[in-house]
Amino acid sequence: MVGGWCARRLARRSRSALVAALTVLLVQTLVVWNFSSLDSGEERDNGGSSVREKRERVADYFQRRQHLPPPGRGAPRHIQQPDGYYSHRPKEKSRVDSNNENSVPKDFENIDNSNFGARSQSHRQSVGASNSKQRDGLQEKAHAQQQAWQDNSPSLSRSSNEVLPVGHQSLAGGSNASYPAAQGIAGGPRQNYHASQIQLAQSQHRHQHPQRRQVTPTTLEVTYDQPPKCEISGKEAISALSRAKSKDCRQQIAEVYCRHKEGQLMPEKVTRYCPLEGKANVNVQWDEDSVERFPSNPVRIVFVLVIHGRASRQFQRLFKAIYHTSHFYYIHVDQRSNYLYRQTQALASQYPNVRVTPWRMATIWGGASLLTMYLHSMADLLAMRDWSWDFFINLSAADYPIRSNEQLVAFLSKYRHMNFIKSHGRDNARFIRKQGLDRLFYECDTHMWRLGDRKIPEGISVDGGSDWFLLNRMFIEYVINSKDDLVINMKRFYTYTLLPAESFFHTVLENSAFCESMVDNNLRITNWNRKLGCKCQYKHIVDWCGCSPNDFKPADFHRFQQTVRPTFFARKFEASVNQEIVNQLDAYLFGPFPQGTPALSSYWENVYDDPDGVASLSDTQLTYYHSFSRLGLARAAASLQGNPNDLSCRYFPIPMGHPVSVHLYFHSDQFQGYLVKHHATNLATSKLETMETWLAPRQNFKLSSPPSSTFNRLQFAEIGTEWDAKERMFRNVGGLMGPMDETVAMQKWNKGPNVTVTVVWIDPTNVIAATYDILIDASAEFTHYRPPLHQPLRPGVWNVRILHHWSPVAEIRFLIVPLAYNKHQPIRQEDALKLHNGPARNSYMEQSFHGLNPVLNIPVSLAYVEQAKRNAALAGSELERWLDSLVGELWEATDVCAIGPTACPVMQACAKSPWSSLSPDPKSHLGPPRADGRIR
């Protein structure tokens, strides 16, 4: 018996060793196969060497880098597969959903990171042909892996990439074996990325090396002013305490958790006052011609405008479109939006029926503060005895009317006793789970922390949907002034609720004596495209996943003309994304502007204003803006041809003087550059002058010429930061990047056959920083990926090449700017050496791609390295000269104009320069009301 058992054990060991050896051999074979037959296509000559030869050189390079362990259990893992990132972006169907969806699609612990989940070999081979069940199964597996990771880490993941890794693995030394895709997690360890086609080998090696370090819960010492009154045992509360930044916030979280644990926080039962069983379903009709029968006793509306950001001109267009002397306008500007607050105060001073809240809050998406802000605003409005209004309508700067004021008044006058609020319209239990109403949340440190589970109070029906509504005065007086059991307990309950503004008013209305006044329609049309808008973009401020509507574009205009149900407003609009749709809608409502009206296709948005102070800028922005100013002065000096002794257009920058303001400039919905307003001393007169400089980006994307006959799918590529996967754009407009920024590569594709491309990142000294492959399926439109580069990035002009079959397809140049400022002060040499010398050991990733230099014909030059070292030590005026030479390679000072008197005879006044932020902009200009009470 013993002998047989030993024999069987030895046989099993032999079989395991054989399987491991065969796996290693198979991986090696596929490594070579990967770079010789990634996709179909003709082999072509390129620069005198055939594609086949280049592939063989690449395959040989990767084969030489293999360090294969002896087969057997416990062998250390050093298998290095091809250094690449194999990715496949799933098909994106442009789907427009109705207003009927709530805004939270899934649990925070089940974030859809399917783009990080490992994919099987069969899926890799059937790109574009895989069925939805297979994809769903893989996504569920990725969700399970994400759940396992979340249970072991308090960190929150960063935003998802659209590109999907195919079985990539990490090396020993700091990766999570149970979740190999943890590179998308904020705060996670840096990893080596090695793509494999073999799921079996990946799984086998994952279990062969138990000595690899696992991610364990981070143990942090949590300090309080007073010790908690109970034991904090819930994992969500512990996670929140470990992540909260301030001691006050930790103290509040502990107190709320303990009160909830002791049953002191939530009402167990609430009284329902509605006589109806279930939800009221009042049917209201829309009569397109109702405006012709304008009511004898029209309702008066108070518009509560909740705004933030810096898009003052877009807000002014909205205000202009909805203004009428018969109505009232109460404006709340976010506490962090000081520029917009100053603009709004100036606006309110022009009109007696406009007021700005004397208090301001820093509201966050999904936060309890948003409901608090609405309740405070309602209480203020009820206390204003000189404002007699009938309806409360909330709007943001991203809204715009799609019907006239007269039509809205006629409709509401007909239904003056109704309340218009959009319900989720789905299974209530499902809504509660998706909305997180059965979870306890608390807001502090401008974050919504999830602290555990809770029960829905008995006796009432919880409802919710959109947080944009139209409520009549009677109901608002009830919500603000009533002391009954329903109102008091719902205010308690929703103090600790995620997205309370999306549910509080719904629940109170449905369970109150006003329930029969509920109309399931908030009179809005919202541009939902959940394939793009539901990417957990708010998880850095909320322990949950949320959705956001997309911006309307000109192709959506027909949707505003539908009359299936009453709609009077639409959202969202962003002029910095697309202004043409606002122009179309404006002309539809009010008629076109007179022919020859200036600036109809232009849009300006402020990004910096002097009263904000330089503390509001990053060191990268401050560095760029100063360089832009100096380039403008050089442009002015070059405007005079001839006499070198003529100093009338020569200027000296103000020592330690910062820019006055900075604007983004768009024309025909295309970014045209930055407009920097700055001071300088005229050398001819020694007088201070103020000017504005237009800095336009140079062309930095170039397709191979002539384009490949077998590859013509790539339309455009760009490198930047702050990628918005919903709107497919970089929010860091113009790509102002410094050594400590996390760069993202984006590609835009035509539809066509499935292809694989290779992306190679090259730093200013010709070091190959990263290389990875992307699988592009037939319907892909956009892909993006952030390579995990070690920082600081070396300053200078970088180069990213896109290759197909190792032949060039396109090239992108981008600038990592050397910082002239550190913590808003001129940088010292010792700090410059730390930030401008590149990463430690000149290594951007754990693996080296040095062997690819000859393959890609990228010369290795010690002279480049030595020059980079010298540049890294620069400070003061020498640093500025180097900086300006780099910025001048990718930006051009297109024009300069004067603000006020100037000694330069060729410099035009800014008011007469159509590109200037000071030029006329009639579409957003606010004038006095006309005789009919309107501005527009």
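Trainee: Explain the nonpolar core to me, and be specific about the residues and the numbers.
Mentor: Among the nonpolar cores identified, the biggest contains 65 residues, and Ile253, Tyr374, Phe392 and Phe505 are the most heavily contacted of them. Counting residues per element, this core draws most heavily on helix 10 (residues 368-383), at eight residues. If we ignore the near neighbours within four places in the chain, the residues touching Phe392 are Val302, Val304, Tyr374, Met378, Leu381, Phe469, Leu470, Leu471 and Ile476. In terms of nonpolar packing, the next biggest core, distinct from the first, is built from 53 residues, Ile301, Val356, Ile402 and Phe411 among them.

Trainee: Describe the layout of surface pockets, and please don't skip the residues or the numbers.
Mentor: Considered as a void within the structure, the second largest pocket measures approximately 1,500 Å³ in volume. For the lining of the second largest pocket, the elements supplying multiple residues, two or more each, are helix 16 (530-533), strand 18 (670-682), strand 21 (714-720), strand 23 (729-730), strand 24 (744-749) and strand 29 (807-816). Element by element, the count of residues in the lining of the second largest pocket is highest for strand 29, at four residues. Grouping the constituent residues of the lining of the second largest pocket by class yields 22 nonpolar, 13 polar and 15 charged.

Trainee: Report on the pairing of strand 26 (residues 768-776), specifying residues and quantitative values.
Mentor: A large share of strand 26 lies buried, amounting to nine of its nine residues. When strand 25 (residues 755-762) meets strand 26, the two strands line up antiparallel, connected through eight bridges. By the bridge assignment, Thr756 is partnered in strand 26 with Leu775.

Trainee: Mind laying out the environment of Ser639, listing which residues take part and the relevant values?
Mentor: Inspection of the secondary structure assignment puts Ser639 in the loop between helix 18 (619-638) and strand 16 (651-653). The residues touching Ser639, leaving out its near neighbours within four places in the chain, are Cys649, Cys904 and Val906. Of the polar contacts made by the side chain of Ser639, one reaches the backbone oxygen of Ala636; its length is 2.4 Å.

Trainee: Got a sec to walk through the packing of helix 14 (residues 485-494) against helix 15 (residues 504-511)? Specific residues and values, please.
Mentor: Remark: helix 14 packs on helix 15, axes separated minimally by 11 Å, with the N-to-C direction vectors making an angle of 155°. By the angle between their directions, the pair helix 14 and helix 15 is classed as roughly antiparallel. Where helix 14 crosses over helix 15, the handedness of that crossing is right-handed. Across the interface between the two elements, Leu486, Val487, Met490, Lys491 and Tyr494 of helix 14 pack against Phe504, Thr507, Val508 and Asn511 of helix 15. The residue makeup of the contact of helix 14 with helix 15, split by class, is six nonpolar, two polar and one charged.

Trainee: An account of the pattern of salt bridges is needed here, citing residue identities and associated values.
Mentor: Summed over all chains, the structure comprises 31 salt bridges. Residue Arg450 pairs with Glu236 through a salt bridge whose shortest N-O separation is 2.7 Å. Taken together, the residues span a long stretch of sequence, with Arg450 in strand 10 (residues 447-453) and Glu236 in helix 6 (residues 235-243) at a distance of 214 residues. Accessibility expressed as a relative area gives 15% for Glu236, which makes it buried. Here Asp543 makes a salt bridge to Arg243, at a shortest N to O gap of 2.9 Å. Of this pair, Asp543 sits in the loop between helix 16 and strand 14 (569-571) while Arg243 sits in helix 6; the two residues are 300 residues apart in sequence, bridging distant segments of the chain. By relative accessible area, Arg243 is classed as buried at 18%. Through salt bridges with shared partners, one network takes in Glu236, Asp438, Arg439, Arg450 and Asp453.

Trainee: I'd love a proper account of the side chain of Asn489, names of residues and values included.
Mentor: Looking at where Asn489 falls in the secondary structure, it is placed in helix 14. The exposure class of Asn489 is buried, given its relative accessible area of 8%. Looking at Asn489, its side chain comes within polar contact range of the side chain of Asp485, at 2.6 Å. Every residue in contact with Asn489, bar those within four places of it in the chain, is listed here: Pro267, Lys269 and Val270.

Trainee: Tell me about the pairing of strand 4 (residues 328-333), and please be specific about residues and values.
Mentor: Counting buried positions along strand 4 gives six out of six residues, so the element sits mostly inside the fold. The side-chain alternation of strand 4 yields two buried faces, one formed by Phe328, Tyr330 and His332 and the other by Tyr329, Ile331 and Val333. In terms of handedness, the path from strand 3 (residues 301-307) via helix 8 (residues 312-322) over to strand 4 forms a crossover that is right-handed. Sheet topology note: the strand 4/strand 5 (residues 354-356) ladder contains three bridges and is parallel. Each residue of the ladder has a partner; that of Ile331, found in strand 5, is Val356. Taking the sense of rotation as the criterion, the β-α-β connection linking strand 4, helix 9 (residues 338-348) and strand 5 turns out right-handed.

About the criteria used
- Residues numbered from 1 in each chain as written.
- Predicted model: local features only at pLDDT ≥ 70, side-chain atom pairs only at ≥ 80, totals over all residues.
- Heavy atoms only, no water.
- Core = buried A, V, L, I, M, F, W, Y, C linked by side-chain atoms within 4.5 Å.
- Buried < 20%, exposed > 50% of the residue type's maximum accessible area, 1.4 Å probe, protein only.
- Helix = DSSP H or I, 4+ residues; strand = E, 2+ residues; numbered from the N terminus.
- Contact = heavy atoms within 4.5 Å.
- 1 Å grid on protein atoms, 1.4 Å probe; cavity = no way out; pocket = protein on both sides within 12 Å on 5 of 7 lines; lining within 4 Å.
- Points joined across faces, edges and corners; volume = space filled by probe spheres on them.
- Nonpolar A, V, L, I, M, F, W, Y, C, P; charged D, E, K, R; others polar.
- Pairing = 2+ DSSP bridges.
- Polar contact = N/O pair within 3.5 Å; in protein donor to acceptor, adjacent residues only side chain to side chain.
- Axes fitted to C-alpha atoms, helices over the stretch in contact; angles between N-to-C directions.
- Parallel < 35°, antiparallel > 145°, perpendicular 65-115°, else oblique.
- Left-handed = near helix turned anticlockwise from the far one by under 90°.
- Salt bridge = Lys/Arg side-chain N within 4 Å of Asp/Glu carboxyl O.
- Right-handed = clockwise from strand over helix to strand, strands pointing away.

Keep in mind that these numbers describe shape and distance, not what the molecule does.
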